[in-house]
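# Tertiary structure, described
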Amino acid sequence: MNVYFFLNSWRNVNAFGIWDNSTFKVLVKKGTNNKMFHEEIQKINADFFTKYILDVETREFIVKKFTIRQGDTILTSSRTENSDESKQGTLGGFVTKKDDPNTKYALTCEHVIPFEDGIAFTSDTPVTHIGDCVFKSKRSDFAAIKIEESISDDCDTTFRRDDHKETNARVYEDDIKKIGTVHKIGGATKLTSGSIKSPEFYYSSPEDSGRTHRVFLVRGRDDVFSEKGDSGSLVFSRPRQGTHSYVNVVGMVSGRAEHDDKISCCYPISPALKGFEESVDLSVKFNDNLPSSSSSSSSSSPSSSSSPS
């Protein structure tokens, strides 16, 4: 019997093939008796295994797709200035034009892309230009980057929740006092969780000529909620009651308190998006097209000057 035919028909096999022209690697599912499997497969074609060393491992073979998605690290710079200056932060997520889902905008912090003619790139090699900044607000430390048409299909606009499952997302318009546990997915610290330390906090922003900014504060649950490189991460929460097919997007990580690393400074997302919509005269939304069956979430439990992350 042909070895390839045998392995294709075996349900416990995840992947297989020749490695380095010397080893025949087979990846099997957990629970497989590797010793018995090793003996059985060698009986199928003894001659084949005089040429290749059989190596059986219990694991999956996962292919990482080259997509741009929530929580990725992005790099930014000026389009025209002859300078090596660049910034790094997090692509918090995507919104799309309500009447044209192919028009996509990546969201991050204003201080991540402070240049007058700012452009953004992926941090992966090869570095890819993803788009130009079309809106910035120091008041909300918020920026929107219009995605280039050439890479639009590479952008995964679906929102991920704290268990990394895909879900719908809505802008949170209610009182932040009602929020329990919050989460974020950042370029530096990836998934972290925390609780609201202060739902409404005001501080004088040195980056905005000392103007008073309204933010909310999050305390990390197990460790820090954010670090340098997490700026731009979207802060979200599951609805507290019942089963829902969405998460609430509450705000965006801007930085953390200098006096306490566990406290992160975040800006409410609702006024930031409204300012963006008014500036460019269009309506945008987070991805909300997933059916309820593929995006059900259970209830979540409740559980200063800032320096940029």
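Rules and cut-offs
Residues numbered from 1 in each chain as written. Predicted model: local features only at pLDDT ≥ 70, side-chain atom pairs only at ≥ 80, totals over all residues. Heavy atoms only, no water. Pairing = 2+ DSSP bridges. Helix = DSSP H or I, 4+ residues; strand = E, 2+ residues; numbered from the N terminus. Contact = heavy atoms within 4.5 Å. Axes fitted to C-alpha atoms, helices over the stretch in contact; angles between N-to-C directions. Phe/Tyr/Trp six-rings, centres within 6.5 Å; stacked < 30°, edge-to-face > 60°. Buried < 20%, exposed > 50% of the residue type's maximum accessible area, 1.4 Å probe, protein only. Lys NZ or Arg CZ within 6 Å of the ring centre and 35° of its normal. Arc of directions from axis to C-beta. Polar contact = N/O pair within 3.5 Å; in protein donor to acceptor, adjacent residues only side chain to side chain. Salt bridge = Lys/Arg side-chain N within 4 Å of Asp/Glu carboxyl O.

### Structural notes on the sheet that holds strand β8 (residues 100-108)
Ordered in space as β6-β5-β9-β10-β11-β8-β7-β21, the eight strands form an open sheet in which the pairing is antiparallel. Taken across any chain shown, the strands that pair with only one partner, and hence form the sheet edges, are β6 (87-90) and β21 (284-285). Bridge count between β8 and strand β11 (residues 142-147): four bridges; the pairing is antiparallel. Counted as the bridge partner of Leu107 is Ala144 from β11. Contacting β7 (93-97), β8, β10 (129-137), β11 and β21, helix α4 (residues 269-280) crosses the sheet at an angle of about 100° to β10.

### Quick look at the packing of aromatic side chains
Taken as a whole and judged by the stated rule, the model has 16 aromatic pairs. With 5.2 Å between their ring centres and 75° between their planes, Tyr105 and Phe276 make a pair best called edge-to-face. Within this pair, whereas Tyr105 is found in strand β8, its partner Phe276 is found in helix α4, the two being separated by 171 residues in sequence. Seen in terms of ring centroids, Phe159 and Phe286 are 6.2 Å apart; in terms of plane orientation they differ by 85°. Their pairing is edge-to-face. Remark: Phe286 occurs in the loop between β21 and β22 (306-308) and Phe159 occurs in strand β13 (residues 159-160); sequence separation between them is 127 residues. Assessed through its relative accessible area of 3%, Phe286 is described here as buried. Through a chain of ring-to-ring contacts, three or more aromatic side chains come together here, namely Tyr4, Phe16, Phe24, Phe48, Phe49 and Tyr52. Taking NZ or CZ as reference, Lys25 lies 4.6 Å from the ring centre of Trp19, over its face. Here Lys184 stacks its cationic end above the ring of Phe225, 5.8 Å away from the centre of that ring.

### Regarding helix α2 (residues 34-44)
The α-helix advances 3.6 residues per turn, and as a result positions three or four apart in sequence lie on the same side. Within the sequence span of α2, burial applies to Phe37, Ile41 and Ile44. Buried residues in α2, looked at end-on, bunch into an arc of 45°, giving them a common side. Along α2, the residues that are exposed and aim more than 90 degrees away from the buried face are Lys35, Met36 and Lys43. Residues of α2 that are buried in the fold lie against α1 (3-8), β1 (13-19), β2 (23-28), α3 (48-51) and β3 (53-58). For α2, the N-terminal cap is Asn33; the gap from its side-chain oxygen to the backbone nitrogen of Lys35 is 3.3 Å.

### Digging into the pairing of strand β17 (residues 211-220)
With nine bridges joining them, strand β16 (residues 190-205) and β17 adopt antiparallel strand pairing. The residue of β17 that forms the bridge with Gly194 is Gly220. In this structure, the hairpin formed by β16 and β17 is closed by a connection of five residues, where Ser209 is found at a positive phi of approximately 55°. As paired strands, β17 and strand β20 (residues 263-268) are joined by four bridges and run antiparallel to one another.

### Some thoughts on the sheet that holds β1
Sheet architecture is open: three strands sit in the order β1-β2-β3, paired in mixed fashion. Edge strands, defined here as strands with exactly one partner in the open sheet, are β1 and β3. For this sheet the average axis-to-axis angle between neighbouring strands, irrespective of direction, equals 15°. Across six bridges, β1 lies against β2 in antiparallel orientation. By the bridge assignment, Trp19 is partnered in β2 with Thr23. Across the sheet, α2 touches β1, β2 and β3, and the angle it forms with β3 is around 145°.

### Points about the pattern of salt bridges
One pass over the full model with this rule turns up 18 salt bridges. Residues Asp156 and Arg160 are paired through a salt bridge, measuring 2.6 Å at the closest nitrogen-oxygen approach. The residues Asp156 and Arg160 share a single accessibility class, namely buried. Taking the shortest distance from any N to any O, the salt bridge between Asp163 and Arg238 comes out at 3.4 Å. Separated by 75 residues along the polypeptide, Asp163 in the loop between β13 and β14 (166-171) and Arg238 in the loop between β18 (234-237) and β19 (246-257) bring together distant segments of the chain. Residue classification places Arg238 among the buried positions, given a relative accessible area of 10%.

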